[in-house]
Amino acid sequence: MGDTTAPPTDGVCPADHGSSRDRGMPIGHLCDPCYAAYIDEADNRQAEDEGATAPPPPAAPACPVCGRDQDRWPTGYGRWILLEPRRLFLNTAVPAEQQWFIAHDGIAVNRRHGTTPLGDRCRIAHRLVCGHGPRPTNLAHAFTEAWLRNRADAGLPPGEPDAGDTPQ
Ligand SMILES: [Zn+2]
Ligand SMILES: [Zn+2]
């Protein structure tokens, strides 16, 4: 496998790394391999944050928990996200940081607070509503509905209703 050298945390390469360049704040002066490692770490952190940890092609786009194929899209930072297949949600029903949009270049974009949504409907990450995963708690009602649909699709019982749920 490749070099596993971690980038120096003080933004200065050791003398034996060869030529380094100023990469700007807060990165510092790094050689090319250290800079690549820095970017890779940053991308990994963002992927963890956003749940974009799906296996890349040619692996199947299967959820590691339920095993069912999902909609896999590339992110703009070289990682992959599994979105709920074919399901669109009104933006007003989903908190901004859990909204995903597919840009016209085929890149999945996670909306952060303050960014402009791409349309009035969004997609959501599958892992939050996987029918084999825990019932969503502390999430918008749309997530509970999607989780219940996935439970039904998988032939699983709906589970105990939350205290806050409206009786049907
Ligand atoms: Zn270096
Ligand atoms: Zn799943």
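Residues numbered from 1 in each chain as written. Chains lettered and ligands numbered in written order. Predicted model: local features only at pLDDT ≥ 70, side-chain atom pairs only at ≥ 80, totals over all residues.

## A word on the overall build of the chain
Argument step 1. When helices and strands are tallied, the chain shows two helices and eight strands.
Argument step 2. Starting at the N terminus, the α and β elements of the chain follow one another as β-β-α-β-β-β-β-β-β-α.
Argument step 3. For 168 residues, the compact-globule formula gives about 15 Å, and the C-alpha radius of gyration of the chain, at 20 Å, lies well above that figure.
Argument step 4. With the C-alpha coordinates aligned to their principal axes, the bounding extent of the chain is approximately 70 × 35 × 35 Å.
Argument step 5. In the chain, 45% of the contacts between residues at least 6 apart in sequence involve partners at least 24 apart. (Helix = DSSP H or I, 4+ residues; strand = E, 2+ residues; numbered from the N terminus. Rg over C-alpha atoms; globule rule 2.2 N^0.38 Å. Contact = placed C-beta atoms within 7 Å.)

## What about the domain arrangement of the chain?
You'll often see interface size given as the accessible area lost when the parts meet.
Argument step 1. Looking at the assigned domains, one finds that the chain contains domain 1 (15-50) and domain 2 (71-153).
Argument step 2. The gap between the C-alpha centroids of domain 1 and domain 2 is 30 Å.
Argument step 3. The class makeup of the residues in the side of domain 1 that touches domain 2 is one nonpolar, one polar and two charged. (Domains from an automatic or database assignment. Nonpolar A, V, L, I, M, F, W, Y, C, P; charged D, E, K, R; others polar.)

## With respect to unusual backbone geometry
Glycine aside, residues mostly have negative phi angles, and peptide bonds mostly take the trans form.
Argument step 1. With omega at 0 degrees, the peptide bond leading from M25 into P26 counts as cis.
Argument step 2. On the secondary structure map, P26 appears in the loop between β1 (21-22) and β2 (29-30).
Argument step 3. A cis amide bond links P57 with the next residue in sequence, P58, at an omega value of 10 degrees.
Argument step 4. Looking at the element boundaries, P58 is found in the loop between α1 (32-50) and β3 (71-74).
Argument step 5. In the Ramachandran plot, R86 falls in the positive-phi region, its phi being about 55 degrees despite a non-glycine side chain.
Argument step 6. Summarising the element assignment, R86 is placed in the loop between β4 (80-83) and β5 (89-90).
Argument step 7. Positive phi, normally seen in glycine, also occurs at N138, with a value near 60 degrees.
Argument step 8. In this structure, N138 sits in the loop between β8 (121-122) and α2 (141-153).

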